Amino acid sequence: MWEAGFWGLVGGSALILGAGVGYAVSLPQRVIAAVMAIGSGVLISAVAFNLMDEAFRQGGFDSTAAGFLGGAIIYTIANIAISRHGARHRKRSGSNDDESQPGAESGGGLAIAVGTLLDGIPESVVIGVSLLAGGGVSAVTVAAVFLSNVPEGLSSAAGMKKAGRGPRYIFGVWVGIALVSGLAAMLGNVMLAGANPELIAAVTAVAAGAILAMLVDTMIPEATEATHDYSGLIAVIGFLIAFVLTKSGG
């Protein structure tokens, strides 16, 4: 349980790291987008070779397919709801002239925080579940979560700063979310310990479906907006890194 919490916190701490960089340094949007493209490639690889393979191995096709579609549906419904309250562009740096980040007086900051939790909780639960087999945490899963969280913290913190939020608010949000990520990993480990393999498979597949839906809805559009012709190549590099880690026993 404590190991799961630790690794969940490690993945969530990338939000704080990204927020620190985004608040202190004004990075070009292309740099932020490139990091997001790498994270997208890593997460796609993790979904394909870690989560779905493991879910299928434990529960077969029925549990895996049902969970995968269910996770995508649940994420999509929740994402639509929070997007209407100001979190649609929670991964955007706000460097464009559009209203990509809500003003400091609005409730958009809370929506962004809720949206980040929506993105991160499935990832954290997967970290906790990956320890149930007793073979140690999956390095690819932790790396995927970490790399996907860095650009989220970076871009959102930059946008919050431009919207007038102070450092106490910005870092309070990200520290809180990092702690919740650790807690989600702990709960995933504790609640599913000794559970039926089909249930574990379904939960893993739910997380995989939610993560893939999140990628297509939020990370990939923001990555391609600034990097354009190079986003595909950068994502492929991220995918290859995760693939090598998977096949090398990580």
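Computed from a predicted structure; not experimentally measured.

Calculation criteria
Residues numbered from 1 in each chain as written. Predicted model: local features only at pLDDT ≥ 70, side-chain atom pairs only at ≥ 80, totals over all residues. Heavy atoms only, no water. Helix = DSSP H or I, 4+ residues; strand = E, 2+ residues; numbered from the N terminus. Contact = heavy atoms within 4.5 Å. Areas by Shrake-Rupley, 256 points an atom, 1.4 Å probe, with all protein chains shown as cover. Salt bridge = Lys/Arg side-chain N within 4 Å of Asp/Glu carboxyl O. Axes fitted to C-alpha atoms, helices over the stretch in contact; angles between N-to-C directions. Parallel < 35°, antiparallel > 145°, perpendicular 65-115°, else oblique. Left-handed = near helix turned anticlockwise from the far one by under 90°. Nonpolar A, V, L, I, M, F, W, Y, C, P; charged D, E, K, R; others polar. Core = buried A, V, L, I, M, F, W, Y, C linked by side-chain atoms within 4.5 Å. Buried < 20%, exposed > 50% of the residue type's maximum accessible area, 1.4 Å probe, protein only. Phe/Tyr/Trp six-rings, centres within 6.5 Å; stacked < 30°, edge-to-face > 60°. pLDDT = per-residue confidence, 0-100.

Let's talk about the overall build of the chain
And step 1. Helix and strand content of the chain: seven helices and zero strands.
And step 2. In the chain, the succession of α and β elements from N to C terminus is α-α-α-α-α-α-α.
And step 3. In the chain, the proportion of contacts linking residues at least 24 apart, taken out of those at least 6 apart, comes to 84%.
And step 4. Carbon and sulfur atoms form 69% of the exposed surface of the chain, whose accessible area is close to 11000 Å².

Details of the pattern of salt bridges
And step 1. Within this structure, the stated rule accounts for one salt bridge.
And step 2. Linking Glu 54 and Arg 57 is a salt bridge whose minimum nitrogen-to-oxygen distance equals 2.5 Å. Note that Glu 54 and Arg 57 are positioned in helix α2 (residues 29-87) at a spacing of three residues, about one turn of the helix.

A look at the packing of helix α1 (residues 2-24) against helix α5 (residues 167-191)
Axes are the key here: two packed helices are described by the angle between their axes and the distance separating the axes.
And step 1. Between α1 and α5, the shortest axis-to-axis distance is 7 Å and the interhelical angle comes to 160 degrees. In terms of axis orientation, α1 runs roughly antiparallel to α5. Every pair of crossing elements has a handedness; the one defined by α1 and α5 is right-handed.
And step 2. For the contact of α1 with α5, the residue count by class is 17 nonpolar, eight polar and no charged.

Quick look at the nonpolar core
And step 1. Counting 25 residues, the largest nonpolar core has Leu 43, Leu 51, Tyr 75, Ile 211 and Met 219 as its most contacted members.
And step 2. Secondary-structure elements contributing two or more residues to this core are α2, α3 (108-130), α4 (139-162), α6 (197-227) and α7 (231-247).
And step 3. With 10 residues, α2 is the single largest residue contributor to this core.
And step 4. Of all hydrophobic cores here, the second largest spans eight residues; its members include Leu 15, Ala 157, Met 160 and Trp 174.

Comments concerning the packing of aromatic side chains
And step 1. Tallied over the full model, the rule gives four aromatic pairs.
And step 2. When the centroid spacing of 5.7 Å and the interplanar angle of 70 degrees are considered together, the rings of Tyr 23 and Phe 171 count as edge-to-face. Of the two residues, Tyr 23 sits in helix α1 while Phe 171 sits in helix α5, which places them 148 residues apart along the sequence.
And step 3. Classification of Tyr 23 by relative accessible area gives partly exposed; the value is 22%.
And step 4. Residue classification places Phe 171 among the partly exposed residues on the basis of a relative accessible area of 26%.
And step 5. For the ring pair Phe 49 and Phe 239, a centre distance of 5.8 Å and an interplane angle of 65 degrees mean the geometry is edge-to-face. Here Phe 239 lies in helix α7 and Phe 49 lies in helix α2, a separation of 190 residues in the sequence.

Description of the confidence of the model for the chain
In low-pLDDT segments, the atomic positions of the prediction should not be examined closely.
And step 1. Of the residues in the chain, 83% reach a pLDDT of 70 or more, and the chain-wide mean stands at 78.
And step 2. Mean pLDDT across the elements of the chain bottoms out in α3 (70) and peaks in α7 (86).

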